[in-house]
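One letter stands for each residue in the lines below.
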Amino acid sequence: MIFRRFIQWVVSLYTEFVSEFTFVFIEGNRYQQMIKGFLNTLKITGGALVMGVIIGVFIAAIRSSYDKNFESMRLRKGVGYCVLTILNGLCKIYLTVIRGTPVVVQLMISYFLIFVDTKDGVPVGIFAFGINSGAYVAEIFRAGIMSIDNGQFEAGRSLGFNYIQTMRHIIIPQMFKAVLPTLCNEFIALLKETSVAGYLGVVDLTKAGNIIGGSTFSYYMPLLSVALIYLVMVMVLSRLAGILERRLRKSER
Amino acid sequence: MNDRSCLIKVTGLKKHYNKGAVKALDGIDCEIQKGEVAVIVGPSGSGKSTFLRSLNLLEIPTEGTILFDGTNITDPKTNINYHRQKMGMVFQHFNLFPNMTVLRNMTIAPMELLGKSKEEAEKKAMELLERVGLADRAQAYPSQLSGGQKQRVAIVRALCMEPEVMLFDEPTSALDPEMVGEVLDVMKSLAKEGMTMIVVTHEMGFAKEVGTRVIFMDEGVIIEEAEPKEFFDHPKSERAIDFLSKVINM
């Protein structure tokens, strides 16, 4: 008896779920909103990620060059010392401002003050999140560079590589391996942070869920779906990072 | 003075830290001739390594000049990277690139800096590996090698750049005792071929056997310079006698 009641309950739950799902997503082709939102979230995250890494590498290289070579460059003087000091100062200002203000405020400043004429929020989102992420990635990379044994620099320099070549061929490849877990963390944070892109009038995943909820007066299905999609995206991302990490680790067998 | 064969000429070299509070090098004058094997010995903290590292400007001297092949490399306008290509260096802790295979460790600099093709660089690298008996380890990563193997790879990595002088910074100090021999053998054969070498070491046996000159340093200055036999049998200065009495009686 109890078993039959249980089966009936499960079946009714299932039919209820199907009808709710049909009503929320299929009717009025509302699932298209979700797909659009998902794609926009991907675009903004992906774009910001690439931009953040590029900014991060450059800033980390400048900052750690300054930290490492400050003494010796002062002895040798020259133009390089002046240029590096100025660049390092600019980087510090960038880091302070970006890390010192909320990302939503940066987003709105980009959208309403800098790119006033741009109606499409996606490129603005990529720009703002890229600039924001760059600051955090830069510090992650700098920590990675500083963690690499100074002997590696010396070996590179003693072979005749200049500073930039040493960085490019010897230090940065090793640095990437060292910071991969932390970097993955930052990417996960970035992915979830893009959920505030709705401020730019972009229909991202979160906004899509919100819109559907608003128009159907049924919030639990769209919001739980949104949460689930984020979760799966994060899981995929950390899985990819794990695979990459294992591949890079092959030299440590 | 025969300037023709003088490869490195050091004049008044000083290295001070903390605005002169610490004097790691306190006025060094020295000449290294082509084909010489100069062995630098001395108690720890005497400035041997600092001196060696100054020669390719891994340490920037506070004062003094270094002429390498007639070029003043201490002049900030000199392109030190170019001159470093001709000064191979071997470190105490090997400093192989852990993310690259042995072969890649050896070919990266010739390919990037001398513009050699991959085939050319690898051919040269394999020849050198063959010579030190490590040809079968070409595809291994440094973490898979023993200390002695790592140091032999480090030596041939430097040789891939075809340097005019090799600088050795305590090349056997980080090795297990049974691996010291294999590294010293490579260095000996290198010396036999007429490579100019400057070696900081605690291996007195090597100094005696291979060295053409012993440079004894203490407290940042050169105390004594002599042929090995002369230095070990009849040291002149008090400090050299004291030092030798500590290291020889084993």
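Residues numbered from 1 in each chain as written. Chains lettered and ligands numbered in written order. Predicted model: local features only at pLDDT ≥ 70, side-chain atom pairs only at ≥ 80, totals over all residues. Heavy atoms only, no water.

Residues and elements named next belong to chain A. A surface patch of nonpolar side chains, about 820 Å² in accessible area, is lined by Y14, F17, V18, F21, I26, Y31, I35, L39 and L42. Within the residue set of the nonpolar patch, elements represented by two or more residues are α1 (2–26) and α2 (31–76). The element contributing the most residues to the nonpolar patch is α1, with 5 residues. Locating Y31 in the fold gives a position in helix α2. The class for Y31 is partly exposed, based on a relative accessible area of 34%. (Patch = residues over 30% accessible without salt bridge, like charges linked within 9 Å, V, L, I, M, F, W, Y side chains within 5 Å. Areas by Shrake-Rupley, 256 points an atom, 1.4 Å probe, with all protein chains shown as cover. Salt bridge = Lys/Arg side-chain N within 4 Å of Asp/Glu carboxyl O. Helix = DSSP H or I, 4+ residues; strand = E, 2+ residues; numbered from the N terminus. Buried < 20%, exposed > 50% of the residue type's maximum accessible area, 1.4 Å probe, protein only.)

Okay, the environment of B:M106 next. Residue and element names in this part refer to chain B. Tracing the backbone through its elements, the reader meets M106 in helix α3 (residues 102–113). Along the primary structure M106 and H234 are separated by 128 residues, whereas in three dimensions their C-alpha atoms are 42 Å apart. Non-local contacts of M106, meaning those with residues more than four positions away in its chain, are made with A125, L128, L129, V156, R157 and C160. (Contact = heavy atoms within 4.5 Å.)

Here we come to the side chain of B:K48. Residues and elements named next belong to chain B. As for its position among the elements, K48 is in helix α1 (residues 48–55). E170 provides the closest opposite charge to the buried, salt-bridge-free K48, at an N-O distance of 4.4 Å. A distance of 3.3 Å separates a polar side-chain atom of K48 from the backbone oxygen of P43. Setting aside residues up to four positions removed in sequence, K48 forms contacts with I40, V41, G42, P43, E170, V200, H202 and M217. (Lys, Arg positive; Asp, Glu negative; His and termini not counted. Polar contact = N/O pair within 3.5 Å; in protein donor to acceptor, adjacent residues only side chain to side chain.)

Turning to the sheet that holds strand β4 (residues 63–68) of chain B, a few remarks are in order. By definition, the strands of a sheet pair up through backbone hydrogen bonds, in either a parallel or an antiparallel sense. Residue and element names in this part refer to chain B. Here we have 4 strands laid out as an open sheet, ordered β2-β1-β4-β5, and antiparallel in their pairing. Of all the strands in the sheet, the pair left with one neighbour each is β2 (22–33) and β5 (71–72). Looking at chain direction, strand β1 (residues 6–17) and β4 are connected through 5 bridges and run antiparallel. Each residue of the ladder has a partner; that of V10, found in β4, is I66. Set on the sheet, α1 makes contact with β1, β2 and β4; between it and β1 the angle comes to about 120°. (Pairing = 2+ DSSP bridges. Axes fitted to C-alpha atoms, helices over the stretch in contact; angles between N-to-C directions.)

A few words now on the environment of A:S12. Residues and elements named next belong to chain A. Note that S12 resides in helix α1. With a relative accessible area of 34%, S12 lands in the partly exposed category. Taking C-alpha positions, S12 is 24 Å from R30, a pair spaced 18 residues apart along the chain.

As a further point, take the packing of aromatic side chains. For any pair of aromatic rings, the description consists of the separation of the ring centres together with the inter-plane angle of the planes. For the coordinates displayed, the defined rule picks out 10 aromatic pairs over all chains. Measuring from centroid to centroid gives 6.1 Å for A:F153 and A:Y163, while their planes differ by 20°, and the two rings are stacked. Taken as a pair, A:F153 in helix α6 (residues 150–159) and A:Y163 in helix α7 (residues 163–193) lie far apart in primary sequence, 10 residues in all. Ring geometry for B:F216 against B:F243: centres 5.3 Å apart, planes inclined by 45°, an arrangement best described as tilted. (Phe/Tyr/Trp six-rings, centres within 6.5 Å; stacked < 30°, edge-to-face > 60°.)

This next bit is on empty space enclosed by the protein. On inspection of all chains with the given rule, the structure shows 1 cavity of 30 Å³ or more. There is about 30 Å³ of room inside the largest cavity. Contributing elements (two or more residues each) for the lining of the largest cavity: α6 of chain A together with α5 (147–159) of chain B. (1 Å grid on protein atoms, 1.4 Å probe; cavity = no way out; pocket = protein on both sides within 12 Å on 5 of 7 lines; lining within 4 Å. Points joined across faces, edges and corners; volume = space filled by probe spheres on them.)

Moving on, we get to the domain arrangement of chain A. Residue and element names in this part refer to chain A. Looking at the assigned domains, one finds that chain A contains domain 1 (43–197) and domain 2 (203–253). Distance from the C-alpha centre of domain 1 to the C-alpha centre of domain 2: 25 Å. Of the roughly 1,100 Å² buried between domain 1 and domain 2, counting both surfaces, carbon and sulfur atoms make up 77%. Among the residues domain 1 hides against domain 2, the three largest losses belong to K177, L180 and L191. Together they make up 50% of the total. Viewed at the interface, domain 2 and domain 1 are joined by 0 salt bridges. Counting across the domain 1 and domain 2 interface gives 0 residue pairs in polar contact (both at pLDDT 80 or more). Along the lines of polarity and charge, the residues of the side of domain 1 that touches domain 2 split into 7 nonpolar, 2 polar and 1 charged. (Domains from an automatic or database assignment. Buried area = accessible area lost by both parts, 1.4 Å probe. Nonpolar A, V, L, I, M, F, W, Y, C, P; charged D, E, K, R; others polar.)

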